[in-house]
Amino acid sequence: MDHYGIKNDHHIIITARDSVYFTPRIWFLFKAFGHDPDKLHLMQGSLEEWISAGGEVDTKPTGVPVFQQMEPIHETKYKVLREPSNVCDMKHVMGALERNDRRSGDGNGNGNGNGNTLILDSRGSSFASKGHMPGAIHLPYGNWVEKDNTQKWKSIKELSNIFKEAGVDPATDQDIICTCGSGVSVCHTLLALELCGRDLQDARSTLMYDGSWAEYGKETDTPKVI
């Protein structure tokens, strides 16, 4: 952050060109490492829309620091949490699945009864084609945004209806683990949960499995539904 001139008290507005899906991941990284959530914003719309509306842009050439070329800073000005919040590893996921399995009694970890951890998977078609965790609920990341504009989120009412149709209450007391294919689109679900009223400040009850299917799927001893 120091190399980019970003400070802890800065208001951060995250935007991108049309068709880019990475902006919620950037939002989540700032949030997970402790940036004031009241100073984190996603622009509703793309850079192209900003320009079309007459928004000011800087057209001067600029250099973007490459991580490998950055000089190490031993005393950084930008302060981050020692451990990111709302993040879990595969060991934690396996423990949740084992507890779900014991409660369900069917050997498949199915059912989302009281006490079970909800597993929300935001992948697209690979959820069915490559398999998924037992009991996982499929909430494709593309559902949260407008079809013709990936930078424009649907209304809170529409987001709430998507959760309702999937049988998920964002305000549930149940723990939630969000996952995807590689740890990127999962952040769409986390943001959708927050927009629909879930308090992500309680970092223990809403987690992002950063390894996601890229890690979980290649392991031979992890339970899967293929």
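Residues numbered from 1 in each chain as written. Predicted model: local features only at pLDDT ≥ 70, side-chain atom pairs only at ≥ 80, totals over all residues. Heavy atoms only, no water.

Looking at the overall build of the protein
So, step 1. On a plain count of helices and strands, the protein comes out with seven helices and nine strands.
So, step 2. Over its C-alpha trace the protein gives a radius of gyration of 19 Å, about what one expects of a compact globule, namely 17 Å for 226 residues.
So, step 3. Its C-alpha atoms put the protein at 60 × 45 × 30 Å along the principal axes.
So, step 4. For the protein, the proportion of its 226 residues judged to be buried stands at 38%.
So, step 5. Nonlocal contacts in the protein, meaning residues at least 24 apart in sequence, comprise 71% of its contacts between residues at least 6 apart.
So, step 6. Only carbon and sulfur atoms are counted for the fraction: they give 51% of the accessible area of the protein, which is about 13,200 Å². (Helix = DSSP H or I, 4+ residues; strand = E, 2+ residues; numbered from the N terminus. Rg over C-alpha atoms; globule rule 2.2 N^0.38 Å. Buried < 20%, exposed > 50% of the residue type's maximum accessible area, 1.4 Å probe, protein only. Contact = heavy atoms within 4.5 Å. Areas by Shrake-Rupley, 256 points an atom, 1.4 Å probe, with all protein chains shown as cover.)

Observations regarding the state of the cysteines
So, step 1. In the structure shown here, the tally under the stated rule is zero disulfides.
So, step 2. A disulfide-free cysteine, Cys 196 has its sulfur positioned 12 Å from the sulfur of Cys 178, the nearest such atom. (Disulfide = S-S within 2.5 Å.)

Concerning helix α1 (residues 23–32)
So, step 1. Here α1 lies mainly inside the structure; eight of its ten residues are buried.
So, step 2. Along α1, the positions that sit buried rather than exposed are Thr 23, Pro 24, Arg 25, Trp 27, Phe 28, Phe 30, Lys 31 and Ala 32.
So, step 3. In this structure, the buried residues of α1 make contact with β1 (12–14), β2 (40–42), β3 (87–88), β7 (149–153), α6 (186–195) and β9 (206–209).
So, step 4. Where α1 terminates, the next one or two residues include Gly 34, which has phi positive at roughly 105°.

Section: the layout of surface pockets
So, step 1. There is about 500 Å³ of room inside the largest pocket.
So, step 2. Taken together, 17 residues line the largest pocket, and the ones lying closest to its centre are Met 1, Asp 2, Tyr 4, Met 70 and Tyr 78.
So, step 3. Split into classes, the residues belonging to the lining of the largest pocket amount to 13 nonpolar, two polar and two charged. (1 Å grid on protein atoms, 1.4 Å probe; cavity = no way out; pocket = protein on both sides within 12 Å on 5 of 7 lines; lining within 4 Å. Points joined across faces, edges and corners; volume = space filled by probe spheres on them. Nonpolar A, V, L, I, M, F, W, Y, C, P; charged D, E, K, R; others polar.)

Details of unusual backbone geometry
So, step 1. Positioned with a positive phi, Asn 86 is a non-glycine residue whose angle comes to about 60°.
So, step 2. With respect to the secondary-structure elements, Asn 86 resides in the loop between α2 (47–52) and β3.
So, step 3. Note on Asn 86: relative accessible area 5%, which makes it buried.
So, step 4. One non-glycine residue, Ser 212, lies in the positive phi region at around 50°.
So, step 5. As for its position among the elements, Ser 212 is in helix α7 (residues 212–216).
So, step 6. Using a relative accessible area of 0% as the deciding quantity, one classes Ser 212 as buried.

Looking at the sheet that holds strand β5 (residues 137–138)
So, step 1. One open sheet accounts for five strands, arranged β3-β9-β8-β4-β5; its pairing is parallel. Each having just a single partner strand, β3 and β5 make up the two edges of the open sheet.
So, step 2. Where strand β8 (residues 176–179) meets β9, three bridges bridge the pair, whose relative direction is parallel. The residue of β9 that forms the bridge with Ile 176 is Thr 206. (Pairing = 2+ DSSP bridges.)

Side note on a nonpolar patch on the surface
So, step 1. Together, Met 1, Tyr 4 and Val 64 line one region of the surface with nonpolar side chains, adding up to about 300 Å² of accessible area.
So, step 2. With respect to the helices, strands and loops of the structure, Tyr 4 is situated in the segment before β1. (Patch = residues over 30% accessible without salt bridge, like charges linked within 9 Å, V, L, I, M, F, W, Y side chains within 5 Å. Salt bridge = Lys/Arg side-chain N within 4 Å of Asp/Glu carboxyl O.)

Structural notes on the nonpolar core
So, step 1. Membership of the largest hydrophobic core comes to 32 residues, with the highest contact counts inside it found for Trp 27, Leu 120, Trp 144 and Phe 163.
So, step 2. Secondary structure elements with two or more residues in this core: β1, α1, β4 (118–121), α5 (156–165), β8 and α6.
So, step 3. The element that contributes the greatest number of residues to this core is α6, accounting for six residues.
So, step 4. In this view, Trp 27 contacts Ile 14, Leu 40, Leu 42, Cys 187, Leu 190, Leu 191, Glu 194 and Leu 200; residues no more than four positions away in its chain are not counted.
So, step 5. In terms of nonpolar packing, the next biggest core, distinct from the first, is built from 14 residues, Ile 119, Phe 127, Leu 207 and Tyr 209 among them. (Core = buried A, V, L, I, M, F, W, Y, C linked by side-chain atoms within 4.5 Å.)

Description of the packing of aromatic side chains
Working definition: an aromatic ring pair is given by the centre-to-centre distance plus the angle between the planes.
So, step 1. Within the structure shown, the criterion is met by four aromatic pairs.
So, step 2. Arranged with centres 5.6 Å apart and planes meeting at 35°, the rings of Trp 213 and Tyr 216 form a pair that is tilted. Here Trp 213 and its partner Tyr 216 are both found in helix α7, three residues apart, which amounts to about one turn of the helix.
So, step 3. Residue classification places Trp 213 among the buried residues on the basis of a relative accessible area of 10%.
So, step 4. Its relative accessible area of 0% is what places Tyr 216 among the buried residues. (Phe/Tyr/Trp six-rings, centres within 6.5 Å; stacked < 30°, edge-to-face > 60°.)

Any link to function would need more than the numbers given here.
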